[in-house]
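Structural overview for review
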Amino acid sequence: MENERLEFKDDFIESVLENANRKSLTNDFERGLMKKIHNSHDHKKEVASRLKKSMFYFFIGMFFMGTCSLMLIFGNTLFRSAINLWPILILFITIVAVIIFANNYKRFFKLVYPLSGEGLLTEFSK
Amino acid sequence: MEEIYIDKVLSGDVDAFTYFIKTYKNMALNIALSIVKDEQYAEEVTQDAFMKAFHGLKAFKRTAKFKSWFYRIVVNEAFLRLRSLKKTQTLISVDEGDDTILHEHFEPISEDYNDKIQQVLSRLNTKESLALELFYLQELDIDTIMDVTGWTRANVKVILHRARKNTRKIWKETT
């Protein structure tokens, strides 16, 4: 490695480069950049959390919907004592889960594609 | 030392990234400047490179040095910017019927010595000025330059030779 440095040793070039003006950035750059990094980090975190929530509620919804269907099919024999209250309760939980899923997914979609739908709206408003 | 800050950033301490900005901002700016040859664009490239480094820190393999990994990001960003600038420039010059490319627009050489040096460096080809910047100013060895630029050893040596030759040539032309 030292040999390579010696191979390219050039006093003229070194003196020229030493005298070249080195540019430097101010503290404002640092502050601005950190602000940008913070914003993008928060944005990324929110996107991840919205996606996680929507996936969670999607599976909850699917699970309860499946349970509800099974109960409707086998309800007569297995859950006779429950006076058909379980399917209604589960259907209610499913609807709540679906609403939460839809809300989170909508917010997630808006975060990922902030300008989506704007074109459509302007098209319709024309 | 850097390992500690990398771990901090990865564990969610965003402010720890300030250490990298403080340490590398000026070096990154000068590397970007040697490629794009415009201070404003170089600043934008530096900013984009830091953003990419922050978001890609998880992918950073500890076997390599942070410095060379980050410099590679800066160099890639700068070349990307240069390519898009050249495209825009070509579009403009086609419209205007002018086929000159970006770094061929030179201002007349001034008498001031420092300005002269600056102008000589700005007239060098991008690869040559990048090689000079990395080898003589950042004092990187040839292996690290190979990592940063993706050039082969022979390529680095040829570019360095050419850079020295052309610097002398342009220097003579301007005196």
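The rules we used
- Residues numbered from 1 in each chain as written.
- Chains lettered and ligands numbered in written order.
- Predicted model: local features only at pLDDT ≥ 70, side-chain atom pairs only at ≥ 80, totals over all residues.
- Core = buried A, V, L, I, M, F, W, Y, C linked by C-beta atoms within 7 Å.
- Buried ≥ 20, exposed ≤ 12 C-beta atoms within 10 Å, placed from the backbone.
- Helix = DSSP H or I, 4+ residues; strand = E, 2+ residues; numbered from the N terminus.
- Contact = placed C-beta atoms within 7 Å.
- Expected span 1.5 Å × (residues − 1).
- Arc of directions from axis to C-beta.
- Axes fitted to C-alpha atoms, helices over the stretch in contact; angles between N-to-C directions.
- Parallel < 35°, antiparallel > 145°, perpendicular 65-115°, else oblique.
- Left-handed = near helix turned anticlockwise from the far one by under 90°.
- Nonpolar A, V, L, I, M, F, W, Y, C, P; charged D, E, K, R; others polar.
- Domains from an automatic or database assignment.
- pLDDT = per-residue confidence, 0-100.

Notes on the nonpolar core
Ranked by size, the top nonpolar core spans 44 residues in total, and within it A28(B), A32(B), V36(B), V74(B), A78(B) and A131(B) carry the most contacts. Here this core gets 11 residues from one element, more than from any other, and that element is helix α2 (residues 18-36) of chain B. Sequence-distant contacts of A32(B), that is, excluding residues within four places in its chain, are made with A42(B), V45(B), T46(B), V74(B) and A78(B). Y57(A), F64(A), A97(A) and F101(A) belong to the second largest nonpolar core, which has seven residues in total.

Quick look at the interface of chain B and chain A
Contact with chain B, which involves 31 residues of that partner, is made by 25 residues of chain A. Mapped by element, the contributors of at least two residues to the side of chain B that touches chain A are α2, α3 (39-55), α5 (113-123), α6 (126-137) and α8 (153-174) of chain B. Looking at which element gives the most residues to the side of chain B that touches chain A, the answer is α2(B), with eight residues.

Some thoughts on α2(B)
Residues that lie three or four places apart on an α-helix share one face, since the helix turns once every 3.6 residues. Residues and elements named next belong to chain B. With 19 residues, α2 extends 25 Å from end C-alpha to end C-alpha; this agrees with the ideal 27 Å at 1.5 Å per step. Buried residues dominate α2, accounting for 14 of its 19 residues. Phi for K37, located one or two positions after α2, is positive at around 60°.

Focus: α5(B)
I117(B), V120(B), L121(B) and R123(B) are the residues of α5(B) that are buried. What you see down the axis of α5(B) is that its buried residues fit within an arc of 165°, all on one side.

As for the packing of α2(B) against α3(B)
Residues and elements named next belong to chain B. Axis separation between α2 and α3 bottoms out at 8 Å; the angle between their running directions is 130°. In this view, α2 runs oblique relative to α3, as classed from their interaxial angle. Between α2 and α3 the crossing geometry is right-handed. Counting all contacts with α2, which are made through I21, K25, A28, L29, A32, L33 and V36, the residues of α3 involved are E39, Y41, A42, E43, V45, T46, A49 and F50. Here the residues of the contact of α2 with α3 sort into 11 nonpolar, one polar and three charged.

Quick look at the domain arrangement of chain B
When the parts of a complex come together, some accessible area is lost, and that lost area is often taken as the interface size. Residues and elements named next belong to chain B. Each assigned domain of chain B is listed here: domain 1 (1-102) and domain 2 (106-175). With 11 residues of domain 1 at the interface, the matching set in domain 2 holds 11 residues. For the side of domain 1 that touches domain 2, the secondary-structure elements that each account for two or more residues are α2 and α4 (66-96). A breakdown of the residues in the side of domain 1 that touches domain 2 according to their chemical character gives six nonpolar, three polar and two charged.

Observations concerning the confidence of the model for chain B
All names here are of chain B. Per-residue pLDDT for chain B averages 83, and the proportion of residues at 70 or more is 86%. Mean pLDDT across the secondary structure elements of chain B bottoms out at α5, with 76, and peaks at α3, with 93. The low-confidence segment residues 97-109 (pLDDT under 50) makes 15 contacts with residues lying over four places distant or belonging to another chain.

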